[in-house]
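Okay, here's what each chain looks like letter by letter:
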Amino acid sequence: MRLYVAGQTPKCLTAFSNLKKICEEHMAGRYRIEVIDLLKNPQLARGDQILAIPTLVRKLPEPVRKIIGDLSDTERVLVGLDLRPLKRGS
Amino acid sequence: MAKSSGRLGPTRNELPKSPTGIKGLDDVTGGGLPKGRPSLVCGSAGCGKTLFALEFLARGALDHNEPGVFMAFEETAEELTQNVASLGIDLDDLVARGKLVLDHVHIERSEIQQTGEYDLDGLFIRLEHAIDSVKAKRVALDTVEALFAGFPDEMILRAELRRLFRWLKEKGVTAVITAERGEGTLTRHGMEEYVADCVILLDHRVNDQVSTRRLRVVKYRGSLHGTNEYPFLIDDDGITVMPITSLGLDHPAPTERVSTGIERLDFMLGGKGFYRGSSVLVTGGAGTGKSSTGALFVDAACGRGETALYVALEESPHQIKRNMGSIGVNLGRWEKKGLLHFFAARPTAYGLEMHVAVIQKAIEQLNPQVVVIDQVTNLEAVGPTHDVKLALTRMIDFLKSRRITALFTSLLPLADEIDHTDVGISSLMDVWIMLRNVESDGERNRTIYILKSRGMSHSNQAREFILSSRGVELADVYLGPEGVLTGAARAARVGRDKAEALTRRQEVERRRRELESKRAALKAQVVALQAEFEIEEAEVLQSIEEMQLKESVLAEGRSEMARLRGADPDGPTNRRQRNGQEGGASEQNREKAGRAKAGPGRRAGR
């Protein structure tokens, strides 16, 4: 998964911590997060068609999903990532 | 800059402008779009927004050395390149030369899941990166409203857009933002709230199944601008806006004359033809020879080595060339020499404004000295009379300002309505030539009049207009007690006149002969009388002689008697005798004189 951010804005920091929490909770050890700072690599925005910040892009499995916002709505993040909440699944 | 100057005080600095390079638009806006500010171009689907934005960038990159960034939210770069290649703009080349960045922003609603607060920094960063990579001065966003479809939270979007436009201003780039037109509003999502410096509205209207594109500058802060709706067209050269009001009534009036191509018509127009730069209207019913007049005019112009444009709204160029061949006018040779150009289009091919625009454009490209438009009545098929008149006024102004002599042909529905041209344009024209069909004795004959010709003496006579394989001839019509006669009636009348003249000549001849013979007869009579007189005279003389003889015999007898009586020979008797003899002679003389007195007439006759 790639998380696109632009500098150390509060929104981006919130998003990163939220993502970390969700991943640890639901798929511990089975994920990889790549954080891309567009301020440092602006040319990368074109490739994944990034407009909104922060954006989480799930490349695999297909189809590509984009989750925008600070990821504070865990339900929606899980739906967006096509993950079933662990609690309900167990 | 204008903003700061406004704050500083009454420095009347002109608002800096960025020329669009779009023909005509810079006239309307007084120089272009506001430099360093965003402008909004709105309009409904298919009215040319994307093309407008692209042309703005391409012209800037090519002509003004201002690189640009095109951010497309709807079409991909490949699609855009293909779309404008037909307009002669090579986007690939511009991109390769580092003059242009094409960035396609793909937004797929289904891929996006919103999970909280976000902003559009990604877009900003992309745009900034693109701008910085080519040092762009111009930016186009086409159409930014696509964001509304892709992102769910409108509140955030609106705030972000507001930030985007402010940011663009700060960047100092001249931006064109396109937006879809909404119901009752300029744009569907109220974009005009954010971009308020310059708003241009594009419109694509269909009237009577004919479409016309129009452009209007709705708003232009800090600058004067044309407020009308200007028709514009999209063709091989991109967008062309036709400013309506940029033409005034201050065109020069040349005194040079040009031939009409018909010798006798020149003669009717003060002997020299039309003024250069004048507008000529040729009206007439069907088949009165309007096109032929136009073709002859063109033929004469090309013969002088001038360039001519024949705008055919009715017939195809081939048809015109063939038909004019039948009256001995070979237009094909001028076309081959490059002097004559045809421009043919069906009136219904596009709207009225478009027609005018297209014709004007053709004229601008060719720069001819002579233009024939055959025929303007057809334009009525695509616009109301009022509009046609306006359009033609503009056309005439345009032609006059370029010193082009123009001949318009117009169809008159009925020959009786002399003062009525269906588009009411006669008052705009300098010369009005009327062609009429005169029907009589089972035939129709063409006549030609000059109804008006400003600024020159012209003939008030009607002429018969004869089209033959040798060309056009103008013949005098027959004017007589029976009225104006043309064609066969004229020929018959002329024949009859000839016969009458012959008869009259014969009559004179006869009279003269009669007189001769009378004189001869009289002469003979005189001779006869003379002869008679001579006979009479001879007789009379003879009788006189006889009488004298008798007298002398008597006198001799008396003297013999006296001698016998023994009278003194030297006596008075003798003397008397001598006297008597003398008296007799004098008597004879007297008689002669008397006769002479009586007969002077006879003697004169001799």
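Residues numbered from 1 in each chain as written. Chains lettered and ligands numbered in written order. Predicted model: local features only at pLDDT ≥ 70, side-chain atom pairs only at ≥ 80, totals over all residues.

Undergrad: Pulling in residues and values, what's your account of the overall build of chain B?
TA: The helix and strand tally for chain B stands at 17 helices and 25 strands. Partitioning the contacts of chain B with sequence separation of at least 6, the portion at a separation of at least 24 is 70%. (Helix = DSSP H or I, 4+ residues; strand = E, 2+ residues; numbered from the N terminus. Contact = placed C-beta atoms within 7 Å.)

Undergrad: Could you give an account of the confidence of the model for chain B, naming the residues involved and the relevant values?
TA: Residues and elements named next belong to chain B. Of all residues in chain B, 86% have pLDDT values of 70 or greater, and the mean over the chain is 80. Long-range and interchain partners of residues 599-606, a stretch whose pLDDT sits below 50, account for five contacts in this model, where long-range means more than four residues apart. Scored as a whole, the predicted complex attains pTM 0.64, and scored at its interfaces, ipTM 0.86. (pLDDT = per-residue confidence, 0-100.)

Undergrad: Give me helix H6 (residues 121-134) of chain B: which residues, what numbers.
TA: Residue and element names in this part refer to chain B. Helix length check: H6 (14 residues) gives 20 Å between terminal C-alpha atoms against 20 Å at 1.5 Å per residue, within 8%. Buried within H6 are the following residues: Asp121, Gly122, Leu123, Phe124, Ile125, Arg126, Leu127, Ala130 and Ile131. Lys135, located one to two residues past H6, shows a positive phi value of around 55°. (Expected span 1.5 Å × (residues − 1). Buried ≥ 20, exposed ≤ 12 C-beta atoms within 10 Å, placed from the backbone.)

Undergrad: How would you summarise the nonpolar core if you had to cite specific residues and measurements?
TA: Residues and elements named next belong to chain B. By size, the foremost hydrophobic cluster in this structure holds 162 residues, and its most contacted members are Phe70, Ala140, Val280, Val298 and Val371. In terms of residue count, the dominant contributor to this core is helix H3 (residues 49-63) (eight residues). Those residues within four positions of Ala140 in sequence are excluded, and the remaining contacts are Ala53, Leu54, Phe56, Leu57, Gly68, Phe70, Met71, Ala175 and Val176. (Core = buried A, V, L, I, M, F, W, Y, C linked by C-beta atoms within 7 Å.)

Undergrad: Run through the interface of chain A and chain B, naming residues and quoting values.
TA: Contact residues are listed per partner, giving 30 residues for chain A and 21 residues for chain B. Secondary-structure elements contributing two or more residues to the side of chain A that touches chain B are helix H2 (44-47), strand E4 (65-68) and helix H3 (74-80) of chain A. A class-by-class count of the residues in the side of chain A that touches chain B yields 17 nonpolar, six polar and seven charged. The sheet contact formed by E4 of chain A and strand E6 (residues 112-114) of chain B spans three bridges and is parallel. In the sheet register, Lys66 of chain A faces E6 of chain B, and the bridge partner there is Ile112 of chain B. (Nonpolar A, V, L, I, M, F, W, Y, C, P; charged D, E, K, R; others polar. Pairing = 2+ DSSP bridges.)

Undergrad: Got a sec to walk through the pairing of strand E7 (residues 138-142) of chain B? Specific residues and values, please.
TA: Residue and element names in this part refer to chain B. Across the five residues that make up E7, a large majority, five, are buried. Burial along E7 is two-sided: the face carrying Arg138, Ala140 and Asp142 and the face carrying Val139 and Leu141 are both buried. By the bridge criterion, five bridges tie strand E4 (residues 68-72) to E7 in an arrangement that is parallel. The partner of Met71 across the bridge, within E7, is Leu141. Summarising the sheet, E7 and strand E8 (residues 174-180) pair through four bridges and their orientation is parallel. Following the sheet pairing, Ala140 is matched in E8 by Val176.

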